[in-house]
Amino acid sequence: MRTQVGIVGAGPAGLMLSHLLHLAGIDSIVIENRSRAYCEARVRAGLMENWVAQLLIDTGVGERLNREAMVHDGIYVAFGGEARHIDFHKLIGKRVYIYDQKEVVTDLIAKRLGDGGQILFEVEDTSIHDFDGGRPKIRFRHGGAAQEIECDFIAGCDGFHGICRPSIPASAWRGYDRVYPFGWLGVLTESPPPEDELIYCFHERGFALFSMRGPQVSRLYIQVPPEEDADKWSDAQIWGELETRLGGVRPLKRGKILQKGVTPMRSYVTEPMQHGRLFLAGDAAHIVPPTGAKGMNLAIADVRVLSRAFEAHYKSGGEALLKDYSRTALNRVWKGQRFSWWMTQMLHRHSDEIDFDTKRQIAEIDYVTGSVAAMTSLAENYAGLPME
Ligand code: PHB
């Protein structure tokens, strides 16, 4: 097989890249080791920055998003028995969209296949070759047969545990990371969310987040130890803990728990995000803790930058944007990292004691939810820094 850009991974980054390249007249093939059903069913964080929703709409994949996404003006932050509203729309004129990552993936797969695009699911034993200056190749097995894609460039969009990043020689990159001493127990429930918008809770017993997937479906999270076994938690315990941490700021209706799991929390950045003709994008290059809701947004930002660079290369032979890809992408990535780390440290409990840091955190939350200058800064970052 032969294509211009070989894309490893059919998550939001790989699929959106393939879609944007197609609109620019550039061929790509996407390969993915999971099944289509798996990709379309995996519940992930669901918060979209304003410009990402607009990009999906502007490029013809926003039809269901327009119908089904919940559009929020802001968020609530609860602490000390009080919920304070931060109104992004009033502060900076922007809104955010609740639309699960799996819906974005579902829409992009349908669009790519509808446009005649090639996505190979359930491939095995993927490896990448000759991207260090030569003619890159992607080798894998599909339907039992050995296959090879020869391409001009490889886009590594295969997530944090993918094969692309570790294929770069160890001397050519480094990772920067921060591991947090807690995780999130996340549940999907058949119950109405306690508020029309998200509530981020700081509580003596730990952080909690009240999000949603629809008027009768909630997505709820509580801070737990990092290696926690989700099965240790009974439904009654989960509801009890959620209610305690909500601190009485809203009534909480209970319902059936449909799914539960623990997410570890980590910040990670690979530098540079390019090696020869291999370009990393999304979780393959960087991950964020979910507190700032930046994961998918940073992935889409990477491929927006990368698709423009490929476009310049194929239209006019201009190499400047490709050379600049890593630097341009990392500039935004580090701002997303900064914001995710900041939200995480501010809203979680770091020890069982009420100590200096706890008091400082409460002062910070009070300030951030009370000062127009501080709320504006949070709003700008949460709703998405400008792309251009
Ligand atoms: C979610 O709805 O899954 C979600 C929303 C906001 C976050 C994290 C997760 O910060």
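The text that follows walks through the structure, step by step, so that each part is easy to find. (Residues numbered from 1 in each chain as written. Predicted model: local features only at pLDDT ≥ 70, side-chain atom pairs only at ≥ 80, totals over all residues. Heavy atoms only, no water.)

Notes on the packing of helix α3 (residues 50-58) against helix α9 (residues 295-316)
This is how the line gets drawn: Lines are fitted to the C-alpha atoms to define the axes, a helix being fitted only along its stretch in contact, and any angle between axes, read from their N-to-C directions, falls within 0 to 180 degrees. Put simply, DSSP marks the helices as runs of H or I at least four residues long and the strands as runs of E at least two long, and each gets a number from the N terminus on. In what follows, roughly perpendicular refers to angles from 65 to 115 degrees, roughly parallel to angles under 35, roughly antiparallel to angles over 145, and oblique to any angle outside these ranges. Crossing chirality is assigned from the near helix's rotation relative to the far helix, an anticlockwise turn below a right angle marking it left-handed and a clockwise turn marking it right-handed. Residues are treated as being in contact if the distance between any of their heavy atoms lies within 4.5 Å. Ten residues, namely Ala, Val, Leu, Ile, Met, Phe, Trp, Tyr, Cys and Pro, are considered nonpolar, four, namely Asp, Glu, Lys and Arg, are considered charged, and the remaining ones, Gly among them, are considered polar.
At their nearest, the axes of α3 and α9 sit 10 Å apart, and the two run at 55° to each other. Relative to α9, the element α3 lies oblique. Remark: the crossing between α3 and α9 carries left-handed chirality. Contacts from W51, V52 and L55 in α3 reach N297, I300, A301 and R304 in α9. For the contact of α3 with α9, the residue count by class is 5 nonpolar, 1 polar and 1 charged.

Description of the sheet that holds strand β16 (residues 256-271)
Heads up, the rule is: Note: two strands are recorded as paired if DSSP finds a minimum of 2 bridges between them.
Across the sheet, which stays open at both edges, the 8 strands sit in the order β6-β5-β13-β14-β15-β12-β16-β19 with mixed pairing between neighbours. Here the strands that pair on one side only, and so sit at the sheet edges, are β6 (82-87) and β19 (286-287). Strand direction decides the pairing type here: strand β5 (residues 74-79) and strand β13 (residues 199-201), joined by 3 bridges, are parallel. Residue pairing for β13: V77 is matched across the bridge by Y200.

Considerations on the site of the ligand
What counts is decided by this rule: Residues are labelled near a given molecule or strand when at least one of their non-hydrogen atoms is within 4 Å of it. Between N or O atoms, a polar contact is any pair within 3.5 Å; within protein, one atom must be a potential hydrogen donor and the other a potential acceptor, and residues adjacent in sequence are included only when both atoms are from side chains. Areas reported as accessible are Shrake-Rupley estimates using a 1.4 Å probe. Residue values count occlusion only from the protein chains shown. Definitions used throughout: a 1 Å grid over protein atoms alone; a cavity as a set of points that fits a 1.4 Å probe which cannot get out; a pocket as an open set with protein on both sides within 12 Å along at least five of seven lines; a lining residue as one with an atom within 4 Å of a point. For a molecule to be placed in a cavity or pocket, more than half of its atoms must lie within 2 Å of the grid points of that cavity or pocket.
Close to the ligand lie 13 residues, the nearest being Y200, S211, R213, Y221 and P290. Y200 places a side-chain nitrogen or oxygen 2.7 Å from an oxygen atom of the ligand. In the model, an oxygen atom of the ligand is placed 3.2 Å from a nitrogen or oxygen of the T291 main chain. Expressed as a share of its isolated accessible area of 280 Å², the protein-covered part of the ligand is 100%. In this structure the site holding the ligand corresponds to the largest cavity. For the shell around the ligand, the secondary structure elements donating two or more residues are β14 (208-214) and β15 (217-224). No other element matches the 3 residues that β14 contributes to the shell around the ligand. Broken down by class, the residue content of the shell around the ligand amounts to 8 nonpolar, 3 polar and 2 charged.

Notes on the layout of surface pockets
To be explicit about the condition: Grid points are joined across faces, edges and corners, and a volume is the space filled by probe spheres set on the points.
When its volume is computed, the second largest pocket comes out at roughly 360 Å³. Along its surface, the second largest pocket is lined by 16 residues, and V305, T328, R332, M387 and E388 are the ones closest to its centre. Elements with a minimum of two residues in the lining of the second largest pocket: α9 and α10 (320-347). Considered class by class, the residues forming the lining of the second largest pocket number 8 nonpolar, 2 polar and 6 charged.

Notes on the pattern of salt bridges
Applied cut-off: Counted as salt bridges are all cases of a side-chain nitrogen of Lys or Arg within 4 Å of a carboxyl oxygen of Asp or Glu. When a residue's accessible area, from a 1.4 Å probe over protein chains only, is under 20% of the maximum for its type it is buried; when over 50% it is exposed; and in between it is partly exposed.
Throughout the structure, instances matching the rule amount to 29 salt bridges. In this structure, the salt-bridge partner of D324 is R327, at a minimum N-O distance of 3.1 Å. On the criterion of helical spacing, the pair formed by D324 and R327 is a turn pair, its members being 3 residues apart in helix α10. R327 gets classed as exposed once you look at its relative accessible area, which sits at 58%. Among the ionic contacts, a cluster of salt bridges with common partners joins E63, R64, R67, E68, K102, E103 and D107.

Some words on the packing of aromatic side chains
Counted only if it meets this: Here a Phe, Tyr or Trp ring, Trp counted by its six-membered ring, pairs with any other such ring whose centre lies within 6.5 Å, and the pair is stacked when the planes are under 30 degrees apart, edge-to-face when over 60, and tilted otherwise.
Evaluated as defined, the whole model comprises 15 aromatic pairs. Their ring planes at 45° and their centres at 4.9 Å tell us that F153 and F310 sit as a pair that is tilted. With a gap of 157 residues between them, F153 in strand β11 (residues 145-156) and F310 in helix α9 connect regions that are remote in the sequence. Neither F153 nor F310 differs from the other in exposure class; each is buried. Seen from their ring centres, F160 and Y268 are 5.1 Å apart, and the 75° between their planes marks the pair as edge-to-face. One end of the pair, F160, is in the loop between β11 and α7 (164-167); the other, Y268, is in strand β16, with 108 residues separating them in the sequence.

Side note on the packing of α10 against helix α11 (residues 356-368)
The relative placement of two packed helices comes down to the angle between their axes together with the axis-to-axis distance. Viewed as axis vectors pointing N to C, α10 and α11 meet at an angle of 120°, and their least axial separation amounts to 9 Å. Relative to α11, the element α10 lies oblique. In contact with W342, Q345, M346 and L347 of α10, α11 contributes R360, Q361, E364, I365 and V368.

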